Amino acid sequence: MIAFGPARGERLSARGNPAARDLLRHAVADLPSNTNRARSWAKAARRWPLGPQTELLDAYARVDVPVLLLWADEDPLFGVEIAEEAVDLMPDAQLRVLPGTGFLMAYDDPVGLAREIAAFCV
């Protein structure tokens, strides 16, 4: 619970949006009373690969559908270079970088996010 406390939400937002606190608060609200969910989260966290999953790089070339990669330019963990590498490997992919956004892009720039999705779907 400490790793995902409400204060973490603001740090996932490049603009420090206080509403992001509520997102994490609601996401983990029932973990103390729901042991099955808590165990499931813990199990998933233990099994999640720690390093890059390089085997996926070969699979990207086989993605045969249009792909929109929306990327945050201020995410300290996942730099734009990762998306640039991935988009180059997919035959029908577009990369859109939302300026001034962090991991929680919808909290930093909801209008920009909606605009990019709408433009892609047309």
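Let me sum up the structure you'll find in this document.

Procedures and definitions
Residues numbered from 1 in each chain as written. Predicted model: local features only at pLDDT ≥ 70, side-chain atom pairs only at ≥ 80, totals over all residues. Heavy atoms only, no water. Buried < 20%, exposed > 50% of the residue type's maximum accessible area, 1.4 Å probe, protein only. Helix = DSSP H or I, 4+ residues; strand = E, 2+ residues; numbered from the N terminus. Pairing = 2+ DSSP bridges. Right-handed = clockwise from strand over helix to strand, strands pointing away. Core = buried A, V, L, I, M, F, W, Y, C linked by side-chain atoms within 4.5 Å. Contact = heavy atoms within 4.5 Å. Arc of directions from axis to C-beta. Patch = residues over 30% accessible without salt bridge, like charges linked within 9 Å, V, L, I, M, F, W, Y side chains within 5 Å. Areas by Shrake-Rupley, 256 points an atom, 1.4 Å probe, with all protein chains shown as cover. Salt bridge = Lys/Arg side-chain N within 4 Å of Asp/Glu carboxyl O.

**Things to note about the pairing of strand S1 (residues 67-72)**
Part 1 of the argument: For S1, a buried count of 6 out of 6 residues is recorded, marking the element as mostly surrounded by other parts of the structure.
Part 2 of the argument: In S1, alternate side chains face the same way, and those of Val67, Leu69 and Trp71 on one face and Leu68, Leu70 and Ala72 on the other are all buried.
Part 3 of the argument: Pairing of S1 with strand S2 (residues 93-98), which is carried by 6 bridges, proceeds in the parallel orientation. Looking across to S2, one finds that Leu70 is bridged to Arg96.
Part 4 of the argument: Since S1 and S2 lie parallel, the crossover through helix H5 (residues 80-89) that links them has a hand, and here it is right-handed.

**Overview of the nonpolar core**
Part 1 of the argument: Val67, Leu69, Trp71, Val80, Ala83, Ala86, Val87, Met90 and Leu95 form the largest nonpolar core, which has 9 residues in total.
Part 2 of the argument: For this core, the secondary structure elements donating two or more residues are S1 and H5.
Part 3 of the argument: Residues in contact with Ala83, not counting those within four places in the same chain, are Leu69, Trp71 and Leu95.
Part 4 of the argument: Counting 6 residues, the second-largest nonpolar core is a separate cluster that includes Leu68, Leu70, Leu98 and Leu113.

**A word on helix H2 (residues 19-28)**
Part 1 of the argument: When we look at burial in H2, the residues that qualify are Ala20, Leu24 and Val28. The buried residues of H2 all sit within an arc of 60 degrees when viewed along its axis, so they share a single face.

**With respect to a nonpolar patch on the surface**
Part 1 of the argument: Nonpolar side chains collect at one region of the surface, where Leu77, Phe78, Ile82 and Phe103 lie side by side and expose about 420 Å² of accessible area between them.
Part 2 of the argument: Following the sequence through the fold, Phe78 ends up in the loop between S1 and H5.

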